Amino acid sequence: EHINRYIFANTVVKDKKVLEAACGTGYGSALMAKTAASVFGVDISDEAISYAKNNYNAPNISFSVADIASLPFEDNFFDVVISFETIEHVDTQKQEKFLLEVKRTLKNDGIFIVSTPNRDVYKNSGENHFHVAELSFAEFKSFLDGKFQNVKIFSQKFEVSNAIIADGITKSTSVSNVTLENSDYLVAVA
C-alpha cells in the first residue's frame, strides 16, 4: 500500500520542490527524488533520519530531524507536501498544528497529498496502539476542507490488487463497489 501511494505522488512531483513530512526511513523520499527537482525528508526520529541519510544519497535529496508541528522551512517554500500515514499517529491538536505548518510552507498554488487509514473500516482489522487519533472519511474531509480551497479525496482499497481511484468509479473491471466510506485508506490531494 505504501509504495502505491508514492507511485501516485510521482504523477505530481516531477520537477517540483517537495517536502515529505514524517518520511520515516526515507525510501519514499528516494523514490520521489527520481523525478522531483528536490526532496526534503523530515521525521521526528533520529534513528529513522540516520538510516535515511546512510541509505538514500542523491544530490537532490536531504533529510533532517524535525517535528511536523514546527517545520524548519520558510513560508511558501514547497511546491508539494507529501505526508502518508502520519496524522493518525498524533493527537488532534498536533494534527491542526501540522495542517497550519503545511499551509505556511506550501506555495499558494502548491499541492498537499496526505493519506490516513479510514477509521470506520480500519477498526475491523484490530486496534493499532501506535494510532492516537484516527479519522473517519467525514472527519478527514472536514479536516482538509477547513484549510484548503480544493480537496479531492481518493479511495485506496486492497482487494485482489491495490489501486487508488477517484470516488464514483463504477465501471472498472478490477474494482467493485468501492466508495470513499468503505475504503481501507483515504488519499487526499488538496
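For the structure, check the block above.
To keep things clear, this report deals only with the structure shown in the data block. Computed from a predicted model, the values in this text were never measured in an experiment.

Thresholds, definitions, all that
Residues numbered from 1 in each chain as written. Predicted model: local features only at pLDDT ≥ 70, side-chain atom pairs only at ≥ 80, totals over all residues. Heavy atoms only, no water. Helix = DSSP H or I, 4+ residues; strand = E, 2+ residues; numbered from the N terminus. Contact = heavy atoms within 4.5 Å. Areas by Shrake-Rupley, 256 points an atom, 1.4 Å probe, with all protein chains shown as cover. Core = buried A, V, L, I, M, F, W, Y, C linked by side-chain atoms within 4.5 Å. Buried < 20%, exposed > 50% of the residue type's maximum accessible area, 1.4 Å probe, protein only. Arc of directions from axis to C-beta. Pairing = 2+ DSSP bridges. Phe/Tyr/Trp six-rings, centres within 6.5 Å; stacked < 30°, edge-to-face > 60°. Lys NZ or Arg CZ within 6 Å of the ring centre and 35° of its normal. Right-handed = clockwise from strand over helix to strand, strands pointing away. Polar contact = N/O pair within 3.5 Å; in protein donor to acceptor, adjacent residues only side chain to side chain.

All right, on to the overall build of the protein chain then. Scanning the protein chain from terminus to terminus reveals 6 helices and 8 strands. Helices and strands appear in the protein chain in the N-to-C order α-β-α-β-α-β-β-α-β-α-α-β-β-β. Expressed as a percentage of contacts within the protein chain between residues at least 6 apart in sequence, the contacts between residues at least 24 apart total 66%. When the accessible area of the protein chain is evaluated, it comes to approximately 9500 Å², of which 50% is carbon and sulfur surface.

Okay, the nonpolar core next. Ranked by size, the top nonpolar core spans 26 residues in total, and within it Leu-19, Phe-112, Phe-140, Leu-144 and Phe-148 carry the most contacts. For this core, the secondary-structure elements that each account for two or more residues are strand 1 (17-21), strand 4 (78-84), helix 4 (92-105), strand 5 (106-117), helix 6 (137-145) and strand 8 (185-189). No other element matches helix 6, which puts 4 residues into this core. Counting 21 residues, the second-largest nonpolar core is a separate cluster that includes Val-13, Val-18, Ala-52 and Ile-82.

Moving on, we get to helix 3 (residues 46-55). Regarding helix 3, the residues found buried are Ala-48, Ile-49 and Ala-52. Mapping the buried residues of helix 3 onto a view down its axis gives an arc of 95°, with all of them on the same face. Opposite the buried face of helix 3, at more than 90 degrees from it, the exposed residues are Asp-46, Glu-47 and Asn-54. For helix 3, the elements touching its buried residues are strand 2 (38-43) and strand 3 (61-65).

Once that is clear, we can look at the pairing of strand 4. Taking burial as the measure, the 7 residues of strand 4 include 7 buried ones, the bulk of the element. Inspection of the sheet shows strand 1 paired to strand 4 by 3 bridges, in the parallel sense. Its bridge partner lying in strand 4, Leu-19 is registered against Val-81. Note that strand 4 and strand 5 share 6 bridges and pair parallel. In the strand pairing of strand 5, Val-80 is matched with Ile-111.

Turning next to the packing of aromatic side chains. The relation between two aromatic rings is expressed through the spacing of the ring centres and the mutual angle of the planes. Applying the stated criterion across every chain, the model contains 9 aromatic pairs. Judged by centre distance (5.7 Å) and plane angle (75°), the ring pair of Phe-40 and Phe-73 falls under edge-to-face. Taken together, the residues span a long stretch of sequence, with Phe-40 in strand 2 and Phe-73 in the loop between strand 3 and strand 4 at a distance of 33 residues. Among the aromatic residues, those joined into a cluster by ring pairs are Phe-40, Phe-73, Phe-77 and Phe-78. Lying across the ring of Phe-77, Lys-17 places its NZ or CZ 3.8 Å from the centre. Lys-103 extends its terminal NZ or CZ atom over the ring of Phe-148, reaching a point 5.0 Å from the ring centre.

With that out of the way, let us pick up the pairing of strand 1. Strand 1 sits mainly inside the fold: 4 of its 5 residues count as buried. Bridging between strand 1 and strand 2 involves 5 bridges; their strand directions are parallel. By the bridge assignment, Lys-17 is partnered in strand 2 with Ser-38. One crossover worth recording links strand 1 to the parallel strand 2 by way of helix 2 (residues 27-33), and it is right-handed.

Residue placement: Ser-83 occurs in strand 4. Judged by relative accessible area, Ser-83 falls into the buried class, the value being 0%. A polar contact is formed between the side chain of Ser-83 and the backbone oxygen of Ala-21, at a distance of 3.2 Å. Every residue in contact with Ser-83, bar those within four places of it in the chain, is listed here: Ala-21, Phe-98, Phe-112, Ile-113, Val-114 and Ser-115.

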